[in-house]
Amino acid sequence: MSGTELPVVTVDVPRNGASDDEHEQELLRKVAAQDREAFQQLYHLYYRRLIRFLMRLTRRREVAEEIINDTLWVVWRKAGEFRGGSLVSTWILGIAYRRGLKTLRRERVAENAPPDAGETEIVDEAQPARERADLLEQALAQLAVEQRMALELAYYLGYSVEEIAQIMSCPANTVKTRMYYARQRMKALLGALDP
């Protein structure tokens, strides 16, 4: 190494490392024993993650809050059924995802709205970065829910294909297919949306 080259240092910061998962598994064991303090700790650990995830799914805070309550109620009741076959975060997000889909289906039936109808936002042309973000959001809103969530779980939340498969309760190849078609659709949509 010459005097002008700096050593490359990489720091791998796990999203949910083994020690974090071990702590969360311990909290789940306590929740299974009806420990309210452990449940409160788990709630505080997951609330922000769940609200971000569910806001991307539902686009409405009050609906996301309702789904969080439903999700954590399931966690309270079924904590003893967690067997450690996945990370605790994968298990909890899987519950939230299924509760979210159920809520969206129920709302569509109640409103008699077509599936995945997205609202178009007005793009602020004075802010190019915001414009690109708005175009991306518009395109994402037009994807089927399963395709959109596969992309968002991968690219926004950093989950692997295998973890997404567990969250979405489907085979990994299905996740890969959803992501492939979602990327193809996004490419076409972004081309059509970008003047």
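Residues numbered from 1 in each chain as written. Predicted model: local features only at pLDDT ≥ 70, side-chain atom pairs only at ≥ 80, totals over all residues. Heavy atoms only, no water.

### What about the side chain of Asp21?
Stage number 1. By the secondary structure assignment, Asp21 is in helix α1 (residues 18–32).
Stage number 2. Within the buried core, Asp21 has no salt-bridge partner, and the shortest N-O distance to an opposite charge, that of Arg49, equals 7.9 Å.
Stage number 3. Within the structure, Asp21 has its side chain in polar contact with the backbone nitrogen of Val88 (distance 2.7 Å). (Helix = DSSP H or I, 4+ residues; strand = E, 2+ residues; numbered from the N terminus. Buried < 20%, exposed > 50% of the residue type's maximum accessible area, 1.4 Å probe, protein only. Lys, Arg positive; Asp, Glu negative; His and termini not counted. Salt bridge = Lys/Arg side-chain N within 4 Å of Asp/Glu carboxyl O. Polar contact = N/O pair within 3.5 Å; in protein donor to acceptor, adjacent residues only side chain to side chain.)

### Some words on the packing of helix α6 (residues 145–156) against helix α7 (residues 161–168)
Stage number 1. For the pair α6 and α7, interaxial distance at closest approach is 10 Å and the crossing angle is 135 degrees. One element, α6, and the other, α7, form an angle in the oblique class. The hand of the α6/α7 crossing is right-handed. Of the residues in α7, those in contact with Glu146, Met149, Ala150, Leu153 and Ala154 of α6 are Ile164, Ile167 and Met168.
Stage number 2. Split into classes, the residues belonging to the contact of α6 with α7 amount to seven nonpolar, no polar and one charged. (Axes fitted to C-alpha atoms, helices over the stretch in contact; angles between N-to-C directions. Parallel < 35°, antiparallel > 145°, perpendicular 65-115°, else oblique. Left-handed = near helix turned anticlockwise from the far one by under 90°. Contact = heavy atoms within 4.5 Å. Nonpolar A, V, L, I, M, F, W, Y, C, P; charged D, E, K, R; others polar.)

### Some points on helix α2 (residues 36–58)
The α-helix advances 3.6 residues per turn, and as a result positions three or four apart in sequence lie on the same side.
Stage number 1. Under the 1.5 Å per step criterion, the end-to-end length of α2 is only 29 Å for 23 residues, more than 12% shorter than the ideal 33 Å.
Stage number 2. When α2 is considered as a whole, its buried residues turn out to be Ala38, Phe39, Leu42, Tyr46, Tyr47, Leu50, Ile51, Phe53, Leu54, Arg56, Leu57 and Thr58.
Stage number 3. Measuring from the side-chain oxygen of the N-cap residue of α2 to the backbone nitrogen of Glu37 gives 2.9 Å; that N-cap residue is Asp35.
Stage number 4. Directly beyond the C-terminal end of α2, a positive phi value near 70 degrees is found at Arg59. (Expected span 1.5 Å × (residues − 1).)

### Here we look at the packing of aromatic side chains
Stage number 1. Evaluation of the coordinates by the stated rule reveals four aromatic pairs.
Stage number 2. On the numbers, 5.1 Å between centres and 75 degrees between planes, the contact of Phe39 with Trp76 is edge-to-face. Of this pair, Phe39 sits in helix α2 while Trp76 sits in helix α3 (residues 61–78), and the two are 37 residues apart along the sequence. An identical accessibility class is assigned to Phe39 and Trp76; each is buried.
Stage number 3. Between the aromatic rings of Phe82 and Trp91, the centroid separation amounts to 5.3 Å while the plane-to-plane angle is 55 degrees, which identifies the pairing as tilted.
Stage number 4. By relative accessible area, Phe82 is classed as buried at 13%.
Stage number 5. Here Arg49 stacks its cationic end above the ring of Tyr46, 4.2 Å away from the centre of that ring.
Stage number 6. One cation-aromatic arrangement involves Arg56 over Tyr156; the distance from NZ or CZ to the ring centre is 3.8 Å. (Phe/Tyr/Trp six-rings, centres within 6.5 Å; stacked < 30°, edge-to-face > 60°. Lys NZ or Arg CZ within 6 Å of the ring centre and 35° of its normal.)

### Description of unusual backbone geometry
Stage number 1. The phi angle at Gln34 is positive, at roughly 65 degrees, despite the residue not being glycine.
Stage number 2. Residue position: Gln34 is located in the loop between α1 and α2.
Stage number 3. The exposure class of Gln34 is partly exposed, given its relative accessible area of 45%.
Stage number 4. At Ser169, a residue that is not glycine, the phi angle is positive and equals roughly 55 degrees.

### Quick word on the pattern of salt bridges
Stage number 1. This model, assessed by the stated rule, comprises nine salt bridges.
Stage number 2. Here Glu152 ties to Arg56 by a salt bridge, and the two come within 2.9 Å at their closest N and O atoms. Placement of the pair is Glu152 in helix α6 and Arg56 in helix α2, with a sequence separation of 96 residues.
Stage number 3. Relative accessible area serves as the criterion here: at 2%, Glu152 is assigned to the buried category.
Stage number 4. One salt bridge in this structure joins Arg99 and Asp70, with 3.7 Å as the shortest N-O distance. Linking Arg99 in helix α4 (residues 88–111) with Asp70 in helix α3, this pair joins segments that are 29 residues apart in sequence.
Stage number 5. The partly exposed category is assigned to Asp70, whose relative accessible area is 23%.
Stage number 6. When salt bridges with common partners are traced through the structure, they connect Arg56, Arg59, Glu137 and Glu152 into a single cluster.

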